[in-house]
Amino acid sequence: MAPKSKDKPKASPSSQPPPPIEDQFTSLNRHIQRSEFSQAVKVADQILSVAPGDEDALRCKIVALIKDDKIDNALSAIQSSKTADFSFFKAYCLYRQNKLDEALSSLRDQERNSMTMLLESQILYRLGKMDACVDTYQKLAKSKIDSLEINYVAALTVAGRASEVQGAMEALRVKATSSFELAYNTACSLVDVNKYTDAEQLLLSARRIGQETLMEENLPDEDIEIELAPIAVQLAYLQQLLGHTSDASEAYKDIINRDLADESSLAVAVNNLIALKGPKDISDGLRKLDKLKEKDAPNFRLAHGLEPKISQKQRETIYANRLLLLLHANKMDQAREMVANMADMFPNSVTPVLLQAAVLVRENKAGKAEEILGQFAENFPDKSKLVLLARAQVAAAAGHPHIAFESLSKIQDIQHMPATIATLVSLKERAGDVDGAIAVLDSAVKWWSNAMSEDNKLDIVLQEAASFKLKHGREEDAAKLYEELVKTHGSIEALAGLVKTVARVDIKKAETYEKQLKPLPGLKEVDVENLERTSGAKHVENGADHGASDAYMVDKNKTKSKKKRKRKPRYPKGFDPANPGPPPDPERWLPRRERSSYRPKRKDKRAAQVRGSQGAMVREKHETSVSGGSSNNANSKSNQAMSSKGTNQNTEQSKPPSKSSKKKSRN
């Protein structure tokens, strides 16, 4: 039999030659088209093992890693490249990691094209630099970028320029209902300009358009509800603005309890619900906010996945509300720590310094709070308005009118408003500086005299200035102001004040002005001279006015008696007044001892009698024998009584307890 031929050994996979690089690129393209990003990364690595410096393969690998949400691996791949420039992808990865300053610096050396400008605008939006973001979008308006109008409208709204949204949409030639995202952003801009009804209708349209669009994409109902959660939160916020607090609260609770919302919408719903409740339920608010923080962080900090999804203003609001809850809960250590962290997180914002002042005021350190607010106002004069107002409030509450006056005086755009003038005058008056208060009023009168505005407040300022000067004994100056007020406005109140003021200085002049007053109706029937000769009202004793005439009193009594009306008596339920039955005992509510039928019980006279057998004799205690066991019962009882009391009495007789002492008294 011939021997069998041996099989040739199979080549190992490692010994097989790799497929041609063209086939590998074809496979790489196929995986990318199918969104198989992990497979695309493996094929790209195979290409790079053969051609380490291939720029196209490395670019495909970086994009596939970014699409697969493996941002750290994408950054490592970018840093490993020494030949190609991937600064744009690096900036995008840093943007995804919320390292916004590094991302912005990575774009500075890049060519200014539509892609780099679009990424730059998104970074600026997240940094809160809204004016620069809007400028970038305006430059991109002519470029054909999909969904550019959605981001553009959102940037205008957050920048506080909601009034420009309609013009921007007309320039872009788009309608608000072209997509549910654009309808939502446009509705938010309408909320900012207080057009709540239009905003509500547009939000309802956005929800309808969104449901139709997402159902065409065959998304599950839960995913559709999650996608439309921002619209639901905004509708609840509209109810809150319209004063329907119960409806808004129920809507927020429904969104939170069902947990069918994205992270950003859930965070906004929690924050708005806490703001709606206020300090009513502090512990519940803190528990809800704790669900938004990073789990492993020792202090309160929003989760890393949540921070990039909400704007800087929203993050700041959430932190501020938590700090206010801590102050209401009197958790001062946590509040101090949190306000220090907020100063680092939001260095260019006014909110941290205002909250720091609130913490110091709560600790009874008003002077330190005034100092911090004053330093911030000096360092950032363009943001000093709110800070100076807060400093004035703190100083006024702490009894420092000079500091409060100084703070208000630095806010130029409200100096001559009537409310500010009244506050400044009150502060000067509280500080005892009447001349300073008059100087404020004179300055206000001068400013309003030269003002050309339609809503001129000169008459109000003149009236208050004249009244203040008259109050503090400046009759001549007050008379001049009243004269000017009568000439310019001719009001009856000013003329009456002028007569009252001039009467203190010049009677004849006062009589001249008095003739200009219109006579009061019914004044002729009163004899003024006779009224002046009367001694005035007399003191009333025991409800009777002895100065009143008898006829007047009689008429008054008659009118009073006519007004009185007898009311039918109200009987208990089931009581028949025709058959009332026996009258109740008049003493039924008196204690038993106080009733006329009470008879106290007699004391038992037999209590002092000797108990025992017939013919027994009472022995004295010093004759009682204590030895032997033949002593009688009476002697043993007396011995027990002696031993229990522990006294040295010699002549006390042993007495058995009486029956009256055993019975409880019923009295």
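Residues numbered from 1 in each chain as written. Predicted model: local features only at pLDDT ≥ 70, side-chain atom pairs only at ≥ 80, totals over all residues. Heavy atoms only, no water.

**Regarding the overall build of the chain**
Part 1 of the argument: Looking only at helices and strands, the chain has 33 helices and 0 strands in total.
Part 2 of the argument: Out of the 667 residues belonging to the chain, those deemed buried represent 34%.
Part 3 of the argument: Nonlocal contacts in the chain, meaning residues at least 24 apart in sequence, comprise 45% of its contacts between residues at least 6 apart.
Part 4 of the argument: When the accessible area of the chain is evaluated, it comes to approximately 44800 Å², of which 49% is carbon and sulfur surface. (Helix = DSSP H or I, 4+ residues; strand = E, 2+ residues; numbered from the N terminus. Buried < 20%, exposed > 50% of the residue type's maximum accessible area, 1.4 Å probe, protein only. Contact = heavy atoms within 4.5 Å. Areas by Shrake-Rupley, 256 points an atom, 1.4 Å probe, with all protein chains shown as cover.)

**Quick notes on the pattern of salt bridges**
Part 1 of the argument: The full count for this structure, using the stated rule, is 24 salt bridges.
Part 2 of the argument: D284 is paired through a salt bridge with R287; the nearest N and O atoms lie 3.6 Å apart. Of this pair, D284 and R287 both sit in helix α17 (residues 282–290), 3 residues apart, which is roughly one turn of the helix.
Part 3 of the argument: Salt bridges here are not isolated pairs; linked through shared partners, they connect K277, D284, R287 and K288. (Salt bridge = Lys/Arg side-chain N within 4 Å of Asp/Glu carboxyl O.)

**Details of the packing of helix α16 (residues 263–277) against α17**
Two quantities define a packed helix pair, namely the angle between the axes and the distance from one axis to the other.
Part 1 of the argument: Their axes nearest at 10 Å, the elements α16 and α17 cross at an angle of 170 degrees. As summarised for this structure, α16 and α17 are arranged roughly antiparallel, according to the angle between their axes. Contact with α16, carried on its side by V270, L273, I274 and K277, involves D284, G285, K288 and L289 of α17 and no other residues of that element. (Axes fitted to C-alpha atoms, helices over the stretch in contact; angles between N-to-C directions. Parallel < 35°, antiparallel > 145°, perpendicular 65-115°, else oblique.)

**Structural notes on the nonpolar core**
Part 1 of the argument: In terms of nonpolar packing, the biggest core is built from 68 residues, with I62, I66, F86, C93, I123, Y137 and I231 touching the most fellow members.
Part 2 of the argument: Per element, the largest residue contribution to this core is 7 residues, and it comes from helix α2 (residues 37–50).
Part 3 of the argument: Ignoring any residue separated from it by four or fewer positions in sequence, one finds I231 in contact with F180, Y184, L203, A206 and R207.
Part 4 of the argument: V394, A465, F468 and L481 belong to the second-largest nonpolar core, a separate cluster that totals 49 residues. (Core = buried A, V, L, I, M, F, W, Y, C linked by side-chain atoms within 4.5 Å.)

**Topic: the environment of T245**
Part 1 of the argument: Position of T245 among the secondary structure elements: in helix α15 (residues 245–258).
Part 2 of the argument: For the pair T245 and L273, spaced 28 residues apart in sequence, the C-alpha separation works out to 9.8 Å.
Part 3 of the argument: Setting aside residues no more than four positions away along its own chain, T245 makes contact with Q239 and L276.

**Quick look at the environment of V191**
Part 1 of the argument: Inspection of the secondary structure puts V191 in helix α11 (residues 180–192).
Part 2 of the argument: The spatial distance from the C-alpha of V191 to the C-alpha of Q234 is 9.6 Å, given a sequence separation of 43 residues.
Part 3 of the argument: Sequence-distant contacts of V191, defined by excluding residues within four places in its chain, comprise Y196, A199, Q234, Y237, L238 and L241.

**Brief notes about the side chain of Q239**
Part 1 of the argument: For Q239, the location among the structural elements is in helix α14 (residues 229–241).
Part 2 of the argument: Apart from the residues within four sequence positions on either side, Q239 is in contact with E200, H244, T245, D247 and A248.

**A closer look at helix α24 (residues 418–430)**
Part 1 of the argument: Here α24 spans 18 Å end to end across 13 residues, near enough to the 18 Å set by a 1.5 Å rise per residue.
Part 2 of the argument: The complete set of buried residues in α24 reads T420, I421, L424, V425, L427 and K428. Along the axis of α24, the buried residues cluster in a sector spanning 160 degrees; they form a single face. Structural note: α24 exposes A419 and R430 on the side pointing more than 90 degrees away from its buried face.
Part 3 of the argument: On its buried side, α24 packs onto α22 (384–397), α23 (401–409), α25 (434–450) and α26 (458–471). (Expected span 1.5 Å × (residues − 1). Arc of directions from axis to C-beta.)

**Thoughts on the packing of helix α12 (residues 196–216) against α14**
Part 1 of the argument: One way to put it is that α12 packs onto α14 with a least axis distance of 10 Å and a crossing angle of 160 degrees. The orientation of α12 relative to α14 falls into the category roughly antiparallel. At the point where α12 passes α14, the crossing takes the left-handed sense. Listed contacts from α14 to Y196, A199, E200, L203, L204, A206 and R207 of α12 are I231, Q234, L235, L238, Q239 and L241.
Part 2 of the argument: Of the residues that constitute the contact of α12 with α14, the class distribution is 9 nonpolar, 2 polar and 2 charged. (Left-handed = near helix turned anticlockwise from the far one by under 90°. Nonpolar A, V, L, I, M, F, W, Y, C, P; charged D, E, K, R; others polar.)

**Here we look at unusual backbone geometry**
The general pattern is negative phi for most residues beyond glycine and trans for most peptide bonds.
Part 1 of the argument: Positive phi is not limited to glycine here, since N218 has a value of about 60 degrees.
Part 2 of the argument: Within the fold, N218 resides in the loop between α12 and α13 (221–227).
Part 3 of the argument: Of the residues examined, N218 reaches a relative accessible area of 68% and is grouped as exposed.

**Description of the confidence of the model for the chain**
Part 1 of the argument: Overall, the predicted model of the chain reaches an average pLDDT of 81, with 81% of residues at or above 70.
Part 2 of the argument: Here residues 543–552 is a poorly scored stretch, pLDDT under 50, and it has 2 contacts once near neighbours within four places are set aside; other chains count.
Part 3 of the argument: Across residues 620–667, where pLDDT falls below 50, the model places 26 contacts with residues more than four positions away in sequence or in other chains. (pLDDT = per-residue confidence, 0-100.)

**Remarks on α12**
Part 1 of the argument: An ideal rise of 1.5 Å per residue puts 30 Å on 21 residues; α12 measures up with 30 Å between its terminal C-alpha atoms.
Part 2 of the argument: For α12, the secondary structure elements touched by its buried residues are α11, α13 and α14.
Part 3 of the argument: Once α12 finishes, N218 follows within two positions and takes phi at roughly 60 degrees, a positive value.

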